[in-house]
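Commentary on secondary and tertiary structure
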Amino acid sequence: MTLELRNVSKSFGDKTVVRDLSFVVPTGQVFSLLGLNGAGKTTTIRMILDILRPDSGEILWQGRPLQAHRLGTLGYLPEERGLYPQMKVLPQLVLFGRLQGLSSEQARQAALQWLERFGIPQHRDALVGQLSKGNQQKIQFIAAILHNPDLVILDEPFSGLDPVNTELFKSVFRELVEAGKTIIFSSHRLDHVEALSDAVGIIHRSELVLSGRVQEILDAQPPHTVRIGADPDAVRRLLPPGADVRVERGWVSVPVRHCAPDELLRNLVQHGVRVTHYEWIRPSLQDIFLEKVGERP
Ligand SMILES: Nc1ncnc2c1ncn2[C@@H]1O[C@H](COP(=O)(O)OP(=O)(O)OP(=O)(O)O)[C@@H](O)[C@H]1O
């Protein structure tokens, strides 16, 4: 009961864009695809959607090719807007619902519920092209999930959203997870990825360079920094000259490679320095990503 990519490759001309990609997403899990611009994420998503055919390899949902499943199995939010700007919101959502196998009435009821959930029932009769960017993104999101698909693919779902709407999208996202949906999503916002995903795959130059459960990847990293609540000068005095001591918002940070953390804490206490906080910091997903791709995103 999974989405499975087995040794999938795709080239355009002589350029290989996805090379021998394999991963498994169990039903009900959230899997994030990460990578720099041009790494091959959207191409991978398009192959899962059967918009593009892999040159080799297989893509299976519940053990069968996606085309073999009933209409409406899949919901997709594309990175580029895919709406009709000259069409009104409600008729447009009804159209999308019907294309996914709903009756007009089912599509209308679902659209009205989701417009309410996203806080924009008043826009049902507006032209889509006249809505703000964030509200168009809400319509795009509704179009992806209106027909209650089992597999939901979201390409950059949070782009163009203000902080309030980002939180709203996150809460809808969590509701989809609670409802047992399998979700594949791609985002350059690694804080969202860390907060929302069960597992990630990092694609770099067309290849999967790291994949696994987020918590296991994070737990496997040794701490790289000590964050201390204490007088920065007192900390500096107890470190070798030239140690990289940073002070940010009242916290003192020292890379682990510049101090022996246990010894530093002992020394601080022995020297009577008041320590209000002492924490070992592990690399975040953003740190791990930057290390794997070796470049800034
Ligand atoms: N239809 C196509 N014909 C030729 N090259 C293509 C085609 N589609 C994508 N590419 C190339 O494949 C590479 C991967 O593109 P893709 O859109 O999959 O990257 P991405 O990881 O989604 O990037 P981004 O984060 O910028 O969306 C890019 O170099 C792109 O130019």
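Note that this is a predicted model, so its numbers are computed, not measured.

Cut-offs applied
- Residues numbered from 1 in each chain as written.
- Predicted model: local features only at pLDDT ≥ 70, side-chain atom pairs only at ≥ 80, totals over all residues.
- Helix = DSSP H or I, 4+ residues; strand = E, 2+ residues; numbered from the N terminus.
- Buried ≥ 20, exposed ≤ 12 C-beta atoms within 10 Å, placed from the backbone.
- Contact = placed C-beta atoms within 7 Å.
- Domains from an automatic or database assignment.
- Near = placed C-beta within 6 Å.
- Nonpolar A, V, L, I, M, F, W, Y, C, P; charged D, E, K, R; others polar.
- Pairing = 2+ DSSP bridges.
- Axes fitted to C-alpha atoms, helices over the stretch in contact; angles between N-to-C directions.
- UniProt positions renumbered as here; feature names shortened; annotations may be inferred.
- Core = buried A, V, L, I, M, F, W, Y, C linked by C-beta atoms within 7 Å.
- Expected span 1.5 Å × (residues − 1).
- Parallel < 35°, antiparallel > 145°, perpendicular 65-115°, else oblique.
- Left-handed = near helix turned anticlockwise from the far one by under 90°.

Some remarks on the overall build of the protein
Across its full length, the protein carries 10 helices and 13 strands. If one aligns the C-alpha atoms of the protein with their principal axes, the spans along those axes are about 75 × 45 × 35 Å. The burial tally for the protein puts 32% of its 297 residues in the buried class. Sequence separation of at least 24 residues holds for 68% of the intrachain contacts in the protein that already meet a minimum separation of 6.

A short note on the domain arrangement of the protein
Under the domain assignment used here, the protein contains domain 1 (2-219) and domain 2 (225-281). On a C-alpha basis, the centres of domain 1 and domain 2 stand 44 Å from each other.

Let's talk about the site of the ligand
Around the ligand, the surrounding shell consists of Phe12, Val17, Gly35, Asn37, Gly38, Ala39, Gly40, Lys41, Thr42, Thr43 and Glu79. It is helix H1 (residues 41-48) that provides the largest number of residues to the shell around the ligand, a total of three residues. When grouped by side-chain class, the residues that make up the shell around the ligand number three nonpolar, six polar and two charged.

Some details on H1
Burial within H1 is extensive, with seven of its eight residues counted as buried. In the stretch just after H1, Asp50 is the one whose phi turns positive, near 70 degrees.

Side note on unusual backbone geometry
The residue Asp20 is not glycine, and still its phi comes out positive at about 50 degrees. If you check the backbone angles, Asn148 has positive phi at about 60 degrees while not being a glycine. By the C-beta count within 10 Å, which is 16 here, Asn148 ends up partly exposed.

Structural notes on the sheet that holds strand E2 (residues 15-26)
One open sheet accounts for three strands, arranged E2-E1-E4; its pairing is antiparallel. Both edges of this open sheet fall to E2 and strand E4 (56-61), since each of them pairs with a single strand only. Strand-to-strand twist of the sheet, defined as the mean angle between neighbouring strand axes without regard to direction, takes the value 15 degrees. Both strand E1 (residues 2-12) and E2 contribute to a ladder of eight bridges, which runs antiparallel.

Re the UniProt feature "domain: ABC transporter" (unreviewed entry) in the protein
Cross-referencing UniProt, the feature "domain: ABC transporter" (unreviewed entry) maps to residues 3-230 in the present numbering. Secondary structure within residues 3-230 divides into 33% helix and 29% strand; the distance between the first and last C-alpha atoms comes to 50 Å.

Comments concerning the nonpolar core
Formed by 58 residues in total, the largest nonpolar core has its most connected members in Leu93, Ala111, Ile142, Ala144, Leu146, Ile153 and Ile184. Those residues in contact with Ala111, other than ones at most four positions away along the chain, are Leu90, Leu93, Val94, Gly97, Ile142 and Leu146. Formed by eight residues, the second largest nonpolar core is a distinct cluster that contains Val252, Cys259, Leu264 and Leu268.

Some details on the sheet that holds strand E10 (residues 225-229)
Read from one edge of the open sheet, four strands run E11-E12-E10-E13, paired in antiparallel fashion. Two strands bound the open sheet, and with one partner strand each, they are strand E11 (246-248) and strand E13 (277-281). Along the sheet, successive strands turn relative to each other by an average axial angle of 25 degrees, direction set aside. Sheet topology note: the E10/E13 ladder contains five bridges and is antiparallel. Following the sheet pairing, Arg227 is matched in E13 by Glu279.

Remarks on helix H5 (residues 163-178)
Given a rise of 1.5 Å per residue, 16 residues ought to cover 22 Å, and the 23 Å separating the end C-alpha atoms of H5 matches this to within 8%. Remark: Gly180 follows H5 within two positions and exhibits a positive phi of approximately 90 degrees.

Here we look at the packing of helix H2 (residues 89-99) against helix H3 (residues 104-117)
At a closest axis distance of 8 Å, the pairing of H2 and H3 adopts a crossing angle of 125 degrees. In terms of their interaxial angle, H2 and H3 are classed as oblique. The handedness of the crossing between H2 and H3 comes out as right-handed. Of H3, the residues touching H2 (which contributes Leu90, Leu93, Val94, Gly97 and Arg98) are Ser104, Gln106, Ala107, Arg108, Ala110 and Ala111. The residue makeup of the contact of H2 with H3, split by class, is six nonpolar, three polar and two charged.

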